[in-house]
Amino acid sequence: MGTVVRAGMPLPAPLVAPSTDAKRRSSSARVLVLGGTGRVGGSTAAALSKLRPDFNILIAGRNREKGESLASKLGEQSEFVQVDIRNASILEEALQGVDLVVHAAGPFQRENECTVLQAAIATKTAYIDVCDDTNYSWRAKSFHEQAKACGVPAITTAGIYPGVSNVMAAELVRAARNENAGEPERLRFFYYTAGSGGAGPTILTTSFLLLAEDVIAYNRGEEIKLKPYSGALSIDFGKGVRKKDVYLLNLPEVTSAYKILGVPTVSARFGTAPFFWNWGMQAFTKFLPVEFLRDKNKVTKLVEFVDPFVRAIDGIAGERVSMRVDLDCTNGRNTIGLFSHRKLSVSIGYATAAFVLALLEGSTQPGVWFPEEPEGVAIESRKVLLERASQGTTNFVMNKPAWMIESDPKEVGLGIYV
């Protein structure tokens, strides 16, 4: 049977018994949000303050005026901390007395060090990041044994996509295997965001940097490399969004899902609106030298140039976000998970906050994990995480056949749809 989680549902209690340490961490916890003055970090802090007003939320960044303004809006339990994540000693000092650190100071592309994770391990501080880069995520994973030895629970790629989308995929795979629905054979991630999603220059920088990377996908157990922003498909994202064109991008959930969930064919596609932004992304891929797109400084300057135009269009396009995860099984069964929200800048905060709460409530074992690993988010905790992450969604369904969201079926009784 499929399940539907409706926006506005009361938050349930955690489904796993938390450890003594977890109880201590989740009771009036101190959470440090790095990149807290940015769109993603600020949204995470805001969501956390609503879900757990008893938490002491530390907004960390370099812009004191902006940070103090946000902290004052969140209430007495929030404060600003000036932190430069490239200074290890200052970073470790900021982590003293903190129960969990959220690393939202992207972009993560072209970063060669996991300084925040290393500082978290050194200070025995729980950790999550919103990394959306394949190389960085596996670099973080390489600290698994070190984190495990120090008793530090950590989750990488714990945002909305990747993040919530990984958990959706894991639940689809688990349901298929539990229901003897045939062996999962193809998993596809489809993402759509209107404009820049209201998430600021960081998202634009990330998008441009990804255009310099070959797309890693898997076909019947074989790793293949494809051109970025190629392979267009028109995908139906259900009510409120409907059909949108999406294109191949190199995203970390492809590799982690392939290796962890054991599905032999995996890929990810992304699209935006208005349609001419997609044409622009294709043009950048085709005409800009790869060396230019790999240079973070040059890409940053390009983003500064196009950002005013993007902001202007964003005012018209909005910032709707939709994720669709499709799973095909060997017996012909197809099921999907669908997540749609009117504002990416809000939904990414609730998505990240859901991972924060899962970790603080004892769902995460010591070590560095991806969201789809049960040691990262326990199977018993996934439903709670998805309910929290889907606050305010316009459409959220799990484990339904694709035709049910594509054709808006009506139930006429006795489980019969037309």
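Residues numbered from 1 in each chain as written. Predicted model: local features only at pLDDT ≥ 70, side-chain atom pairs only at ≥ 80, totals over all residues. Heavy atoms only, no water.

**Describing the overall build of the protein**
When helices and strands are tallied, the protein shows 16 helices and 19 strands. For the protein, with 418 residues in total, the buried portion stands at 57%. By sequence separation, contacts in the protein at least 24 residues apart represent 75% of the contacts at least 6 residues apart. Of the roughly 17500 Å² that the protein leaves accessible, carbon and sulfur atoms contribute 52%. (Helix = DSSP H or I, 4+ residues; strand = E, 2+ residues; numbered from the N terminus. Buried < 20%, exposed > 50% of the residue type's maximum accessible area, 1.4 Å probe, protein only. Contact = heavy atoms within 4.5 Å. Areas by Shrake-Rupley, 256 points an atom, 1.4 Å probe, with all protein chains shown as cover.)

**Topic: unusual backbone geometry**
The omega torsion across G106 and P107 is 0°, close enough to zero to call that bond cis. Here P107 is to be found in the loop between β5 (100–103) and α5 (115–122). Residue A273 is joined to P274 through a cis peptide bond whose omega torsion reads 0°. Structurally, the position occupied by P274 is in the loop between β13 (265–273) and α11 (275–287). Phi at R242 takes a positive value of approximately 60°, unusual for a residue other than glycine. Structurally, the position occupied by R242 is in the loop between β11 (233–236) and β12 (243–248). For R242, a relative accessible area of 27% gives the class partly exposed.

**Points about the packing of helix α8 (residues 164–178) against helix α10 (residues 252–261)**
Running from N to C, α8 and α10 cross one another at 30°; their axes reach a closest spacing of 11 Å. Classified by the angle between their axes, α8 and α10 sit roughly parallel to one another. Crossing geometry of α8 relative to α10 is assigned as right-handed. Contacts between α8 and α10 involve S165, N166, A169, A170, V173 and R177 from the first element and E253, S256 and L261 from the second. Each residue belonging to the contact of α8 with α10 can be placed in one class, and the counts come to 4 nonpolar, 3 polar and 2 charged. (Axes fitted to C-alpha atoms, helices over the stretch in contact; angles between N-to-C directions. Parallel < 35°, antiparallel > 145°, perpendicular 65-115°, else oblique. Left-handed = near helix turned anticlockwise from the far one by under 90°. Nonpolar A, V, L, I, M, F, W, Y, C, P; charged D, E, K, R; others polar.)

**Regarding the pattern of salt bridges**
A full pass over the atoms with the stated rule returns 16 salt bridges. Here R64 and E68 are joined by a salt bridge, their closest N and O atoms 3.0 Å apart. Linking R64 with E68, this pair stays in helix α3 (residues 64–74), spanning 4 residues, or about one helical turn. Of the residues examined, R64 reaches a relative accessible area of 40% and is grouped as partly exposed. The partly exposed category is assigned to E68, whose relative accessible area is 41%. The salt bridge partner of E111 is R86, with a shortest N-O separation of 3.3 Å. Taken together, the residues E111 in the loop between β5 and α5 and R86 in the loop between β4 (78–82) and α4 (88–95) connect sequence positions 25 residues apart. (Salt bridge = Lys/Arg side-chain N within 4 Å of Asp/Glu carboxyl O.)

**Considerations on α5**
Turning to α5, its buried residues number three or more, namely V116, L117, A119, A120 and I121. Positive backbone phi, at 55°, marks K124, one or two positions downstream of α5.

**A word on the side chain of S49**
Mapped onto the elements of the fold, S49 is located in helix α2 (residues 39–51). Of the polar contacts made by the side chain of S49, one reaches the backbone oxygen of A46; its length is 2.7 Å. Setting aside chain neighbours within four positions, we find S49 in contact with I57 and L74. (Polar contact = N/O pair within 3.5 Å; in protein donor to acceptor, adjacent residues only side chain to side chain.)

**A short note on the confidence of the model for the protein**
When pLDDT drops low, the exact placement of atoms in the prediction is not to be read closely. Looking at the protein as a whole, the pLDDT averages 88, with 89% of positions reaching at least 70. Note on residues 1–20: pLDDT is under 50 here. Beyond four places in sequence and across chains, it has 34 contacts. (pLDDT = per-residue confidence, 0-100.)

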